[in-house]
Amino acid sequence: MAETEGGTAAAVSTPAYSSPAKSLGDPGITPLSPSHIAKDSDANDAVEQSFLVVVAIDFGTTSSGYAYSFTKEPECIHVMRRWEGGDPGVSNQKTPTTILLTPERKFHSFGYAARDFYHDLDPNESKHWLYFEKFKMKLHTTGNLTMETDLTAANGKKVKALEIFAYALQFFKEQALKELSDQAGSEFENFEVRWVITVPAIWKQPAKQFMRQAAYKAGMATPENPEQLIIALEPEAASIYCRKLRLHQMIDLSSKAPVNGYNASDTIGAGFTQAKEHIRRNRQSRTFLVENVIGEIWSELEEGDRYIVVDSGGGTVDLTVHQIRLPEGHLKELYKATGGPYGSVGVDYEFEKLLCKIFGEDFIEQFKIKRPAAWVDLMIAFESRKRAAAPDRTNPLNITLPFSFIDYYKKFRGHSVEHALRKSNVDFVKWSSQGMLRMSPDAMNALFKPTIDQIIQHLSDLFEKPEVTNVKFLFLVGGFAEAPLLQQAVQNAFGSKCRIIIPQDVGLTILKGAVLFGLDPAVIKVRRSPLTYGVGVLNRFVEGKHPPEKLLVKDGTRWCTDVFDKFISADQSVALGETVSRSYTPAKPSQLVIVINIYSSEQDNVSFITEPGVKKCGTLRLDLTGTETSVPTRREIKTLMQFGDTEIKAMAIDVATSKSVKAGIDFLNY
């Protein structure tokens, strides 16, 4: 805060884009002390609660699941029980992230149950039901997410996103409590559970807050007891789990030596087949022992070593760079999370584009609206073939077209599907007599290419960054990491730079890591701030330094308005629980309501709160009426911001009376 020429902070709540002090004529508050950082001040040490169990929910774009561990035996992680109604060709411990509401917009079912029920409805009836899938991406792609953001069901009707997310979380809450009660033999209560929900690290702050709000609505925790719910970042959870890996629990794509008796050329396919066998055999138990040791791979890492976690899921790909800090092996985030919407859904999107090319966009759009359940069927058929794609595959992949697709197409166009394929000039896709689309492996690989190219490009850019030199390992995790095409592309591009490691049960890595995180949230010690934060203040006006339009003259003093007083910069390292504090004093001792507005920006260098990209994200309103007596002439108002957790807390304290006010940073309601 070196710029503060004996400055004053004005705390006035009006929109960010007017000059608050001019409009309200509010006396400002003057900084008392140079800024200083207080480490772990006692003011906000939450009382540690004791929970009997930690339940983590991996709420994915394409599939979701939960796992849990009792705090008395943290080395056992239990993955949720098998779901009814799995898919052919897709063995999965998770359930599809799909939700069905009745025509009256009440919750009906989730997962396979939702999908199968919706599918069995009569087409005339199904138009009235509201079916949602892959809706999590909306939180990533909506620029101005609020509590009012809508989601569109398969039939085109709109519902508030917050309701859908709350329904989904409530479903998981009930399932988990039911399973825990069955296991314990007595009723398990919500207050005994610490919940962990995972979100992509690249999500903007509003999306993380949105998840928390949805969880409150689902009754997992309350604003009064926020500690019961932890929002964990997906790649961090994966990173925590990868630390525990033993050699038999992973596949090292880069080892030229035989792994489990296979040589390197077989590894990608064979290692996985073997791994799947191993998982299938242990499937019944659903309990994973996490030995309380640092895994073998980890023991090769030394102080200061760096590794990248690439979390490739259904919707997004998240990249995080971590560094080890010994002796406890705490993690330090070296480079702020990057990534983008390059998940496996991109492959589905390419398939849809291919269908539009063959059958016409007008038909596909109509078909989706008129026969939504059959469209879902077609995408399920594609999903299982998508999982059969591999670099060395030679035989074609057949995708069954639902009867209603063939039927509706004939009605719509007046000629057959077969005719359309012949006419379309799409070389690699043929019609087989059994009523299937027959795709050559090249055609399937072409559908993967745009998404995989994006991921490789993104990783290449990351490797260029100075913070990312000398990376020892690259952990490939998330559901999309099971795709041999992606494994091969990553190995070819970066195998010479670092060792590429895939945990065996790669789709469950995040879930298990999230449980470990819930058992010990302090394991990640240093994060990078995703945004620059500060408060709006008034400073003494300096000719030549401050723009004339910011001049405000008051009681003979010349002030500069709208100054952004920075607490922390984007991409700055913040230790867990680190508190930054500033002291202000009201310029007019009689001022009794002090309002401090908090702003954020993605830019590093911000001078004024009126600059583009600066958003208001919090207000601290300290009301000191009734404390007029016994107050020193200069009141000290201390403002604290605590960073490092996945959420940020702010607080203002009147030092003389110890009156204080707390606020969460709020990105949804401003």
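Each value, and the rule that gives it
- Residues numbered from 1 in each chain as written.
- Predicted model: local features only at pLDDT ≥ 70, side-chain atom pairs only at ≥ 80, totals over all residues.
- Heavy atoms only, no water.
- Pairing = 2+ DSSP bridges.
- Helix = DSSP H or I, 4+ residues; strand = E, 2+ residues; numbered from the N terminus.
- Axes fitted to C-alpha atoms, helices over the stretch in contact; angles between N-to-C directions.
- pLDDT = per-residue confidence, 0-100.
- Contact = heavy atoms within 4.5 Å.
- Parallel < 35°, antiparallel > 145°, perpendicular 65-115°, else oblique.
- Left-handed = near helix turned anticlockwise from the far one by under 90°.
- Nonpolar A, V, L, I, M, F, W, Y, C, P; charged D, E, K, R; others polar.
- Buried < 20%, exposed > 50% of the residue type's maximum accessible area, 1.4 Å probe, protein only.
- Phe/Tyr/Trp six-rings, centres within 6.5 Å; stacked < 30°, edge-to-face > 60°.

A closer look at the pairing of strand E8 (residues 107-110)
Thought 1: Direction of pairing for strand E7 (residues 98-101) relative to E8: antiparallel, over a ladder of 3 bridges. Bridging from a neighbouring strand, Ile-99 pairs with Phe-110 of E8.
Thought 2: Between the end of E7 and the start of E8, which pair antiparallel, lie 5 residues, with Arg-105 showing a positive phi angle near 70°.

As for the sheet that holds strand E27 (residues 557-568)
Thought 1: Reading across from one edge, E26-E27-E25-E30-E31 is the order of the 5 strands in this open sheet, with antiparallel pairing throughout. What marks the edges here is a single partner per strand, and that holds for strand E26 (551-554) and strand E31 (615-623). Recorded for the sheet is a direction-independent mean angle of 35° between the axes of neighbouring strands.
Thought 2: Where strand E25 (residues 532-540) and E27 come together, 7 bridges link them in antiparallel fashion. Each bridged residue has a counterpart across the sheet, and for Gly-534 the counterpart in E27 is Lys-566.

Remarks on the confidence of the model for the chain
Thought 1: Taken as a whole, the chain shows an average pLDDT of 78; of its residues, 79% reach a score of 70 or greater.
Thought 2: Here residues 1-27 scores under 50 on pLDDT; set against residues more than four positions off or in separate chains, the count is 81 contacts.
Thought 3: Counting interchain partners and residues more than four positions distant, the pLDDT-below-50 stretch residues 256-285 has 31 contacts.

A short note on the packing of helix H2 (residues 112-120) against helix H12 (residues 372-386)
Thought 1: Look at H2 against H12: their axes get within 8 Å of each other, and the N-to-C directions meet at 130°. By the angle class used here, H2 and H12 are oblique. Remark: the crossing between H2 and H12 carries left-handed chirality. Taking contact as the criterion, the partners of Arg-115, Tyr-118 and His-119 in H2 are, on H12, Pro-372, Ala-373, Val-376, Asp-377 and Ile-380.
Thought 2: Of the residues assigned to the contact of H2 with H12, the class counts are 5 nonpolar, 1 polar and 2 charged.

Examining the environment of Tyr-408
Thought 1: Positionally, Tyr-408 belongs in helix H13 (residues 403-413).
Thought 2: The spacing of Tyr-408 and Gln-366 is 42 residues in sequence and 9.7 Å in space, taken between C-alpha atoms.
Thought 3: Look past the residues within four positions of Tyr-408 in its chain and what remains in contact with it is Phe-363, Gln-366, Phe-367, Lys-370 and Arg-371.

Here we look at the pairing of strand E5 (residues 76-79)
Thought 1: Neither face of E5 is left uncovered, since the one carrying Cys-76 and His-78 and the one carrying Ile-77 and Val-79 both have all their residues buried.
Thought 2: Two elements, strand E4 (residues 63-70) and E5, share 2 bridges in a ladder whose sense is antiparallel. Bridging from a neighbouring strand, Tyr-68 pairs with His-78 of E5.
Thought 3: Counted along the chain from E4 to the antiparallel partner E5, the turn is 5 residues long.

What about the sheet that holds strand E19 (residues 397-400)?
Thought 1: Pairing is antiparallel across the open sheet formed by 3 strands, whose spatial order is E19-E21-E20. Since the sheet does not close on itself, it has two edges, and those belong to E19 and strand E20 (429-432), each with one partner. On average, each strand axis in the sheet is inclined to that of its neighbour by 30°, with strand direction left out of account.
Thought 2: Bridge count between E19 and strand E21 (residues 436-439): 4 bridges; the pairing is antiparallel. What sits directly across from Thr-400, in E21, is Met-436.

Section: the packing of aromatic side chains
Thought 1: Per the stated rule, a full pass over the model turns up 30 aromatic pairs.
Thought 2: With 5.3 Å between their ring centres and 90° between their planes, Phe-135 and Phe-165 make a pair best called edge-to-face. Here Phe-165 lies in helix H5 (residues 161-184) and Phe-135 lies in the loop between strand E9 (130-133) and helix H4 (137-141), a separation of 30 residues in the sequence. Both residues of the pair, Phe-135 and Phe-165, count as buried.

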